[in-house]
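The residues making up each chain are set out below.
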Amino acid sequence: MESLTLRASPSTTTAASPLLRLPGRRQAASVRVSASSGGSSEPDLSVRVNGLKMPNPFVIGSGPPGTNYTVMKRAFDEGWGGVIAKTVSLDAGKVINVTPRYARLRAEPNGAAKSRIIGWQNIELISDRPLETMLKEFKQLKKEYPDRILIGSIMEEYNKAAWHELIERVEESGVDALEINFSCPHGMPERKMGAAVGQDCGLLEEVSGWINEKATVPVWAKMTPNITDITEPARVALKSGCEGVAAINTIMSVMGINLKTLRPEPCVEGYSTPGGYSARAVHPIALAKVMQIARLMKEEFPDGQSLSAIGGVETGNDAAEFILLGADTVQVCTGVMMHGYGLVKKLCTELQDFMREHDFSSIDDFRGASLPYFTTHTDLVQRQQEAIKQRKAIRLGLQSDKDWTGDGFVKETESMVSN
């Protein structure tokens, strides 16, 4: 039988984390529940986030892998823990995509065709399918997979009534939660949508207020990395009542210039526009942003709000890094576009291998375990000075360049290597 360990939130409300739930809003966000299979020797990958139970923490990120019924059904059949559909809005008629809309960056010089893809850029917009069509497909998916987690990604123009209508219609389709796209870096900001909201904390606070006064399912705010301090909009979203944040969306970029044609990529009729950068190359940047949000949440929002990490995940170890920083779930979008929906099996196997190596039986055993080891540079200097004093007694390492010797040069070098 499944054993459940509840970690309840403090009963008091702080100024930084007001309880802004309205009548009818699911209250699951204030308690985080970890699920583990009693007596099982296999590491348990299941998670429960904002009251939503998933068989594993791997979630299809909003984008092409969640663009219609067929591909979302495939994701569930392959074993993904959840699916976030491609972003929808009330009027899909305003969404016009172009082709080609992707460009790749390869690891080898001059972009050798067989070298590894490390970067991916897209200039794709949100869903261009009629909203009613998408909603019918959401209903069908929930009918066929009632116990699987389907999250609707939504975006709308700066209009309270439009936001409320969109939320009501999407919720009626049976989705389990909403992810708010405050972060699309191209195309949509021209209409005061996407990153135009996520980069303006005043606007973000107002729109988040509209959303949270209407929504009755958990709400995740998807953050843009194209901002100086990502904790500022994350704080605003959480204070406004969102049950969680997701980060990061793509990074604004220019993929490159074709040195034969002298035109930018991806090239559409000889022209291009800056777009969103993703894939392996953004992983270190995403780790830093997620770390910053995780520290904010730990310090200011102790009521069980969730964190969904995104950025360059192609292996189970990539996911483990995000979870070690405090992520509850890990989203994958570009990785699916490059490797297919079967990637989830590899991710689960590799994550369980990592857990066995460290004798972790559940995700909760190591969630946030690495977060306390981030500090300031000033603190690093102080820690090292103290460590040098301690090592001096046993003559480990060198205190000054004058201490190097010719005979012991190799050993002296090794004494100062960290890995």
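Source: prediction; values computed, not measured.

### Observations regarding the side chain of Thr 224
- In this structure, Thr 224 sits in the loop between strand S11 (219-222) and helix H6 (231-239).
- Among the residues examined, Thr 224 registers a relative accessible area of 2% and is labelled buried.
- Among the polar contacts made by the side chain of Thr 224, one reaches the main-chain amide nitrogen of Asn 226 at a distance of 3.0 Å.
- Once residues within four sequence positions are removed from consideration, Thr 224 is found in contact with Phe 182, Ser 183, Ala 195, Gly 198, Gln 199 and Ile 230.

### A closer look at the packing of helix H5 (residues 201-214) against H6
- It is at 9 Å that the axes of H5 and H6 come closest, and there the two elements cross at 20°. One finds that H5 runs roughly parallel with respect to H6. Considering the relative orientation of H5 and H6, their crossing is right-handed. Mapping the contact onto sequence places Cys 201, Leu 204, Glu 205 and Ser 208 in H5 and Glu 232, Pro 233, Val 236 and Ala 237 in H6.
- Looking at the contact of H5 with H6 residue by residue, the class counts come to 5 nonpolar, 1 polar and 2 charged.

### Brief notes about the sheet that holds strand S7 (residues 102-106)
- The strand order across the open sheet built from 4 strands is S7-S8-S16-S13, with neighbouring strands paired in antiparallel fashion. The open sheet is flanked by S7 and strand S13 (251-253), the only strands paired with a single partner. The sheet shows a mean angle of 35° between the axes of neighbouring strands, taken without regard to direction.
- Alignment of S7 against strand S8 (residues 117-122), held across 5 bridges, turns out to be antiparallel.

### Side note on the environment of Ile 257
- Counting through the fold element by element, Ile 257 comes out in strand S14 (residues 256-257).
- Ile 257 sits in the partly exposed class, given a relative accessible area of 48%.
- For the pair Ile 257 and Cys 267, spaced 10 residues apart in sequence, the C-alpha to C-alpha distance is 9.3 Å.
- What Ile 257 contacts, discounting residues up to four positions off in sequence, is Leu 262, Arg 263 and Pro 264.

Rules of the game
- Residues numbered from 1 in each chain as written.
- Predicted model: local features only at pLDDT ≥ 70, side-chain atom pairs only at ≥ 80, totals over all residues.
- Heavy atoms only, no water.
- Helix = DSSP H or I, 4+ residues; strand = E, 2+ residues; numbered from the N terminus.
- Buried < 20%, exposed > 50% of the residue type's maximum accessible area, 1.4 Å probe, protein only.
- Polar contact = N/O pair within 3.5 Å; in protein donor to acceptor, adjacent residues only side chain to side chain.
- Contact = heavy atoms within 4.5 Å.
- Axes fitted to C-alpha atoms, helices over the stretch in contact; angles between N-to-C directions.
- Parallel < 35°, antiparallel > 145°, perpendicular 65-115°, else oblique.
- Left-handed = near helix turned anticlockwise from the far one by under 90°.
- Nonpolar A, V, L, I, M, F, W, Y, C, P; charged D, E, K, R; others polar.
- Pairing = 2+ DSSP bridges.

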